Amino acid sequence: MKIGLVGFGGSGKTTVFNTMTGLDAPVGYGGEVRIGTVRVPDPRIDRLSQIFSPKKTTYAEISFCDVPGEHGAAKKGLSPRGLQQIRDQEALCLVLGNFDNPAVEGAPDPFGDLETFHAECCFADLEILEKRLERARKERSPQPELTALEVAQAALEAERPLRSIPDTELDRSFLKGFGLLSDRPLLVMVNVDETRSADPMPEPLARRIAELSAAGLTLCASVEADIAAMDPEEQAEFLRDLGLESSALDRFIRAAYELLDLISFFTVGPDEVRAWTIRRGTRARRAAGKIHSDLERGFIRAEVTPYETFIEHGSEAAVKAAGKLQIEGQDYVVADGDILHVRFNV
Ligand SMILES: Nc1nc2c(ncn2[C@@H]2O[C@H](COP(=O)(O)OP(=O)(O)OP(=O)(O)O)[C@@H](O)[C@H]2O)c(=O)[nH]1
Ligand SMILES: [Mg+2]
């Protein structure tokens, strides 16, 4: 999963990036585009790894791309270069500064920044769509394609982000490869100051985020940076003192999985215990293809054990003996926590 961190200059993107990835990119004033990955913590993988003692344990990963914002009072917004950088990201995380930053002019205005970002995305998408539509009309493209482009254009003109238009109204197959920003899943992260690190999302902001079909999260990036540097026990105590249920990384990952409708399935064995990320609703053959294209091509069946069943019985042999091993065909919808063995023949 690739997530682009975007937002205005000095909103705290690089600070967030560092906390999430454990890297140490320099904060403040621009810089270069950076990429870092984090491992998605999963206690189920920890447990499976203990049981199998594999040579290798592989967690799911999220990669973050930190795109510097524009600086200076006259230029607030996203640079064309910045926009270009985020087009190939699967999801966007907009960081909104809501703390006093001496390097940024004026009081923080997360609500206004959200509107500006939204307007910029709609505008950039509209530009792309207008060109496409003009060409499609000239080339007398088939009606369904024209309809899709027109529906998208009308939504953007009404300042509705494309992500808010359901598939039943918009045939997205005609919009593939355009890199439309307002169609990307969006997670809005409000970066608050130290004194309000456990405050809930302000109501008007929460409402607007919902209207934009986005998800929201608050954190204090600088407090989180301190938390990330602590050892686990210290962390737990510190979080409790602050009134936080979990670290921003945990909350972020949960929100991102929910937003993108992602789940994990597992493969296990003496060589490797591994988590794989798929979209909810993915069928067994497609899921097998994540592991290797041969498994998708030559798919015969999947032997499935839900994680809980496995833990209850303690071993794969015990699961089988209890008659709990599920033999599933290619159309089986893989569930979160399924342990899969794919039988295939190529
Ligand atoms: N008080 C406070 N300061 C913060 C917080 N988050 C970031 N900062 C500070 O704000 C400044 C800018 O933070 P960055 O993370 O570099 O901001 P950025 O969004 O990456 O900025 P650009 O890359 O220039 O767009 C730094 O001096 C940070 O230390 C926060 O939660 N509270
Ligand atoms: Mg930065």
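Everything quoted here is computed from the prediction, not taken from an experiment.

K.L.:
Please clarify how the overall build of the protein chain should be interpreted in this entry.
P.N.:
Of regular secondary structure, the protein chain possesses 13 helices and 12 strands. Over its C-alpha trace the protein chain gives a radius of gyration of 23 Å, about what one expects of a compact globule, namely 20 Å for 346 residues. The dimensions of the protein chain, computed from C-alpha atoms along their principal axes, are 70 × 60 × 35 Å. For the protein chain, the residues scored as buried account for 48% of the 346 residues in total.

K.L.:
Sorry, what's going on with the side chain of Thr282 here?
P.N.:
Relative to the elements of secondary structure, Thr282 occurs in the loop between strand S9 (272-279) and helix H10 (284-291). Judged by its relative accessible area of 16%, Thr282 is buried. In this structure the side chain of Thr282 is engaged in a polar contact, spanning 2.6 Å, whose partner is the backbone oxygen of Arg279. Apart from residues lying up to four places away in sequence, Thr282 is in contact with Ala287, Tyr332, Val333 and Val334.

K.L.:
Quick question: what am I supposed to make of the nonpolar core here?
P.N.:
Nonpolar side chains in soluble globular proteins generally cluster together in the buried interior. Ranked by size, the top nonpolar core spans 42 residues in total, and within it Ile3, Leu48, Ile62, Phe64, Met189 and Phe252 carry the most contacts. Among the elements that take part in this core, helix H9 (residues 248-260) stands out by supplying 8 residues, more than any other. Apart from the residues lying within four places of it in its own chain, the contact partners of Met189 are Val16, Met20, Cys93, Leu94, Val95, Leu96, Leu217, Leu219 and Phe252. Among the nonpolar cores identified, the runner-up in size contains 29 residues, and Val6, Val190, Ile209 and Ile227 belong to it.

K.L.:
What am I meant to see in the pattern of salt bridges here?
P.N.:
Two side chains carrying opposite charge are able to pair once their charged atoms lie near each other. A full pass over the atoms with the stated rule returns 21 salt bridges. The partner of Asp42 in a salt bridge is Arg44, with the nearest N and O atoms 3.1 Å apart. Taken as a pair, Asp42 and Arg44 share a single burial class, namely buried. Here Arg274 and Glu272 are joined by a salt bridge, their closest N and O atoms 3.8 Å apart. According to the relative accessible area criterion, Arg274 is partly exposed, its value standing at 25%. In the salt-bridge network here, residues are joined through shared partners; they are Asp42, Arg44 and Asp336.

K.L.:
Sorry, what's going on with H10 here?
P.N.:
Turn by turn, an α-helix covers 3.6 residues, leaving residues three or four places apart pointing in a common direction. Those residues of H10 lying buried are Ala284, Ala287 and Ala288. All buried residues of H10 project into a common sector of 105° when viewed along the axis, lining one side.

K.L.:
Would you explain the sheet that holds strand S1 (residues 2-6) in this entry?
P.N.:
The pairing of strands in a sheet comes from backbone hydrogen bonds and takes either a parallel or an antiparallel form. Pairing in this open sheet of 6 strands is mixed, and the strands run S2-S4-S1-S5-S6-S7 from one edge to the other. Of all strands in the sheet, those with a lone pairing partner are strand S2 (34-39) and strand S7 (215-219), marking the two edges. In this sheet, neighbouring strand axes are inclined to one another by 25° on average, regardless of whether the strands run parallel or antiparallel. Relative to strand S4 (residues 61-66), S1 is paired through 4 bridges, and the arrangement is parallel. Its bridge partner lying in S4, Gly4 is registered against Cys65.

K.L.:
I tried to follow the pairing of S7 on my own but got confused; where do I start?
P.N.:
Side chains on a regular strand alternate between the two faces of the sheet. Of all 5 residues in S7, 4 are buried; the element is thus mostly enclosed. Both strand S6 (residues 186-192) and S7 contribute to a ladder of 5 bridges, which runs parallel. Across the sheet, residue Val190 finds its bridge partner in S7, namely Thr218. The parallel pair S6 and S7, bridged by helix H6 (residues 203-211), forms a crossover whose chirality is right-handed.

K.L.:
What is the right way to read the packing of aromatic side chains from this model?
P.N.:
Working definition: an aromatic ring pair is given by the centre-to-centre distance plus the angle between the planes. Within the structure shown, the criterion is met by 4 aromatic pairs. With 6.3 Å between their ring centres and 70° between their planes, Phe266 and Tyr307 make a pair best called edge-to-face. With a gap of 41 residues between them, Phe266 in strand S8 (residues 262-267) and Tyr307 in helix H12 (residues 307-313) connect regions that are remote in the sequence. Judged on exposure class, the residue Phe266 and its partner Tyr307 are both buried. Between the NZ or CZ atom of Arg274 and the centre of the ring of Trp276, over which it lies, the distance is 3.9 Å.

K.L.:
Can you walk me through the environment of Ser222 in this structure?
P.N.:
One can find Ser222 in helix H7 (residues 221-228). Using a relative accessible area of 30% as the deciding quantity, one classes Ser222 as partly exposed. Between the C-alpha atoms of Ser222 and Thr19, which are 203 residues apart in sequence, the distance is 8.5 Å.

K.L.:
Help me understand unusual backbone geometry, please; the structure alone is not making it clear to me.
P.N.:
For residues besides glycine, phi is generally negative; the peptide bonds are generally trans as well. With phi around 40°, Ser53 is a residue other than glycine that occupies positive phi space. Structurally, Ser53 can be placed in the loop between helix H2 (43-52) and strand S3 (56-58). For Ser53, a relative accessible area of 57% corresponds to the exposed category.

Parameters and conventions
Residues numbered from 1 in each chain as written. Chains lettered and ligands numbered in written order. Predicted model: local features only at pLDDT ≥ 70, side-chain atom pairs only at ≥ 80, totals over all residues. Heavy atoms only, no water. Helix = DSSP H or I, 4+ residues; strand = E, 2+ residues; numbered from the N terminus. Rg over C-alpha atoms; globule rule 2.2 N^0.38 Å. Buried < 20%, exposed > 50% of the residue type's maximum accessible area, 1.4 Å probe, protein only. Polar contact = N/O pair within 3.5 Å; in protein donor to acceptor, adjacent residues only side chain to side chain. Contact = heavy atoms within 4.5 Å. Core = buried A, V, L, I, M, F, W, Y, C linked by side-chain atoms within 4.5 Å. Salt bridge = Lys/Arg side-chain N within 4 Å of Asp/Glu carboxyl O. Arc of directions from axis to C-beta. Pairing = 2+ DSSP bridges. Axes fitted to C-alpha atoms, helices over the stretch in contact; angles between N-to-C directions. Right-handed = clockwise from strand over helix to strand, strands pointing away. Phe/Tyr/Trp six-rings, centres within 6.5 Å; stacked < 30°, edge-to-face > 60°. Lys NZ or Arg CZ within 6 Å of the ring centre and 35° of its normal.

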